[in-house]
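# Close look at the chain arrangement
Single-letter residue listing:
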Amino acid sequence: MGEPQTGPLLTTPLHALHGELGAKMVPFAGYDMPVQYPTGVLAEHNWTRTHAGLFDVSHMGQCFLIPADGRYETAAAALEKLVPADVLGLKPGQQRYSQFTNAEGGILDDLMVTRLGHPGHEHWIYLVVNAACKDADYAHLKAHLPADVTLKIADDLALIAVQGPEAVAAVATLAPELATLKFMTSADLPVGGIWAHVSRTGYTGEDGVEISVKSADAVALTKKLLADERVKPIGLGARDSLRLEAGLCLYGHDIDTTTSPVEAGLTWSIQKRRRTEGGFLGAARIQKDLADGAPRLRVGILPDGRAPAREGTVVKSADGQPIGTVTSGGFGPTINGPLAMGYVNRRFAEPGTPVLLEVRGKDLPAKIVTMPFAPHRYFRG
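### Focus on the sheet that holds strand β10 (residues 186-191)
The strand order across the open sheet formed by six strands is β10-β11-β12-β9-β3-β13, and the pairing between neighbours is mixed. Single-partner strands in this sheet number two, and they are β10 and β13 (231-233). Across the sheet, the mean angle from the axis of one strand to that of its neighbour is 30°, orientation sign disregarded. Two elements, β10 and strand β11 (residues 194-199), share six bridges in a ladder whose sense is antiparallel. If you follow S186 over to β11, its bridge partner there is S199.

Spelled out as structure tokens, the structure:
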């Protein structure tokens, strides 16, 4: 993880705490972020799979859509012009994953959409978008929202994720009501005496929560969470290997403006009404992909040997013809071996199909597999 940086780096409210915890910092999406702590990426990955990992995700963009007339339907209808998800159907406190699409049906960003459930705010929509895309996302929203729906950018909020099989039990010691919160729902309540918005979701494939809290309270809350011996801080390195094992997309790598949600295997995030009605940017291409099948598909790829296939690796058919490209790849500690995802011609997307990966000039055997590589363990109640 990490990337070339031109200009000064931004910092999250937890920046000084990362230093105290011994984090190695790298540039990521314009921020100075922890890539790992002293125990290292492998230990952090395994800790999250067996206990609970705490991630600073305050670089993400948080914002609200607020309808002037106080009617949820007004805000939902406006957002449905920009995403293919059923936003109108959300109940208070319910959350959905979706994408901002462009006029060509490509993905501008992926995001989480929540209808707030707090009394008096049930007409508000809360969005969490990717750090590298947030300025463009905000501009996109401002350009397309009607005059009676206001975009409120929440730069005064931090975001903390706690993930793993012991995550909810640990956080519930500070907020007992969270123990029964279901996957993809949220609640507004005090956590350790600090007011927060908590969603039962995450980016690891594990059970867990994401906690939105005022920036001024972020350090105090994080210290309360880390006081539990089940919870340890985790950096971007393990965050990436965890999400790859879970088969989850990273924007700018596995999905981008050239990718339709159908190609990306995200059809599940487009509810039936939206598939039929359309009415969002790029609907024509997406409906065509749904009807005819996308020409390429995102797949899991399992190399036979121990050599990892990194992003950009050419995928070939068994007879050596190029059929696609790896978009994310590396080592999966949970499966104790290399793993990858990428796009291949639809004819080669069937699980079990043998393929070749061109790694350092050599064609290495691999096969197409069903994702996730590590089982999802979300709490559905």
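### Overview of the packing of helix α2 (residues 41-50) against helix α7 (residues 236-245)
The geometry of α2 relative to α7 is characterised by a closest axis approach of 8 Å and an angle of 50° between their N-to-C directions. In terms of their interaxial angle, α2 and α7 are classed as oblique. The handedness of the crossing between α2 and α7 comes out as right-handed. The segment α2 lies against α7, with V41, E44, H45, T48 and R49 engaging G237, A238, S241, L242 and E245. Here the residues of the contact of α2 with α7 sort into three nonpolar, four polar and three charged.

### Remarks on the packing of aromatic side chains
The final tally for this structure, using the stated rule, is four aromatic pairs. For the pair Y97 and W268, a centre-to-centre distance of 5.5 Å together with 20° between the ring planes defines the contact as stacked. Of this pair, Y97 sits in strand β5 (residues 95-101) while W268 sits in the loop between α7 and α8 (272-277), placing them 171 residues apart in sequence. When its relative accessible area of 14% is taken as the criterion, Y97 is described as buried. According to the relative accessible area criterion, W268 is exposed, its value standing at 56%. Chaining the aromatic ring pairs together yields one cluster made of F64, W124 and Y126. Across from the ring centre of W47, 4.7 Å away, lies the NZ or CZ of K232, which sits over that ring.

### Concerning helix α6 (residues 218-226)
It helps to recall that an α-helix has 3.6 residues per turn; residues three or four apart then point in one direction. Three or more residues of α6 are buried, namely A218, L221, T222, L225 and L226. The buried residues of α6 all sit within an arc of 130° when viewed along its axis, so they share a single face.

### Some points on the environment of V26
Topologically, V26 is positioned in strand β1 (residues 24-28). Through-space distance from the C-alpha of V26 to that of P92 is 38 Å; in sequence the pair is 66 residues apart.

### Concerning the layout of surface pockets
By volume, the second largest pocket is sized at about 400 Å³. For the lining of the second largest pocket, the elements supplying multiple residues, two or more each, are β8 (149-153), β11 and β12 (208-214). Among the residues forming the lining of the second largest pocket, the class breakdown is 10 nonpolar, four polar and five charged.

### Examining the environment of P27
The residue P27 is located in strand β1 in this model. Judged by its relative accessible area of 23%, P27 falls in the partly exposed class. Considered as a pair, P27 and L42 are 15 residues apart in the sequence and their alpha carbons are 20 Å apart.

### Some thoughts on the sheet that holds strand β17 (residues 337-345)
Taken in spatial order, the six strands line up as β14-β17-β16-β15-β18-β19 and close into a barrel, and their pairing is antiparallel. Each adjacent strand pair in this sheet contributes to an overall mean axis angle of 40°, direction not counted. Two strands pair when backbone bridges link them, and strand β16 (residues 322-332) and β17 are joined in this way by eight bridges, in the antiparallel orientation. Bridge pairing links G324 to V344 in β17. Contacts from α7 reach β16 and β17 within the one sheet, and its direction differs from that of β16 by about 125°.

### Topic: the nonpolar core
Most often, soluble globular proteins keep nonpolar side chains buried together rather than apart. The biggest cluster of nonpolar side chains holds 33 residues, and the ones touching the most others in it are F64, I255 and L266. Contributing elements (two or more residues each) for this core: β4 (61-67), β6 (107-115), β7 (125-129), β9 (157-163) and α7. Looking at this core, the element that brings in the most residues is β9, giving three residues. For F64, the residues in contact, after removing those within four places along its chain, are L116, W124, I125, Y126, T150, L151, K152, A154 and L157.

Calculation rules
- Each chain carries its own residue numbering, running from 1 in the written order of its sequence.
- In view of the model being predicted, local features appear only for residues whose pLDDT reaches at least 70, and side-chain atom pairs are presented and counted only at 80 or more, with totals across whole chains, interfaces and linings using the full set of residues.
- To get the side-chain values, take all heavy atoms of the structure and skip hydrogens and water.
- Two strands qualify as a pair provided that DSSP identifies no fewer than 2 bridges between them.
- Only DSSP runs of H or I covering at least 4 residues are called helices, and only runs of E covering at least 2 are called strands; the numbering of each starts at the N terminus.
- What counts as an axis is a line fitted to C-alpha atoms, over the stretch in contact for a helix, and the angles between N-to-C directions run from 0 to 180 degrees.
- Reported orientations rely on four angle classes, namely roughly parallel under 35 degrees, roughly antiparallel over 145, roughly perpendicular from 65 to 115, and oblique for the rest.
- What makes a crossing left-handed is the near helix being turned counterclockwise from the far one by less than a right angle; a clockwise turn instead makes it right-handed.
- Contacts between residues were defined by any pair of non-hydrogen atoms, one from each residue, lying within 4.5 Å.
- Residue polarity follows a fixed list, in which Ala, Val, Leu, Ile, Met, Phe, Trp, Tyr, Cys and Pro are nonpolar, Asp, Glu, Lys and Arg are charged, and the others, Gly among them, are polar.
- In summary, the pairing rule links any two rings of Phe, Tyr or Trp, Trp by its six-membered ring, whose centres are within 6.5 Å, and it sorts them by plane angle into stacked for under 30 degrees, edge-to-face for over 60 and tilted for everything else.
- The buried label applies to any residue whose accessible area, calculated with a 1.4 Å probe on protein chains only, is under 20% of its type's maximum; exposed applies above 50%, and partly exposed to all values in between.
- Cation placement over rings: the criterion is NZ of Lys or CZ of Arg within 6 Å of the ring centroid and within 35° of the ring normal.
- What the arc describes is the spread of directions from the helix axis to the C-beta atoms.
- Think of a 1 Å grid over the protein atoms and nothing else: a 1.4 Å probe that fits but is trapped marks a cavity, an open set flanked by protein within 12 Å on at least five of seven lines marks a pocket, and residues with an atom within 4 Å of a point count as lining.
- Grid points are joined across faces, edges and corners, and a volume is the space filled by probe spheres set on the points.
- Buried Ala, Val, Leu, Ile, Met, Phe, Trp, Tyr and Cys residues form a nonpolar core when they are joined through side-chain atoms within 4.5 Å.

Keep in mind these values describe shape, not function.
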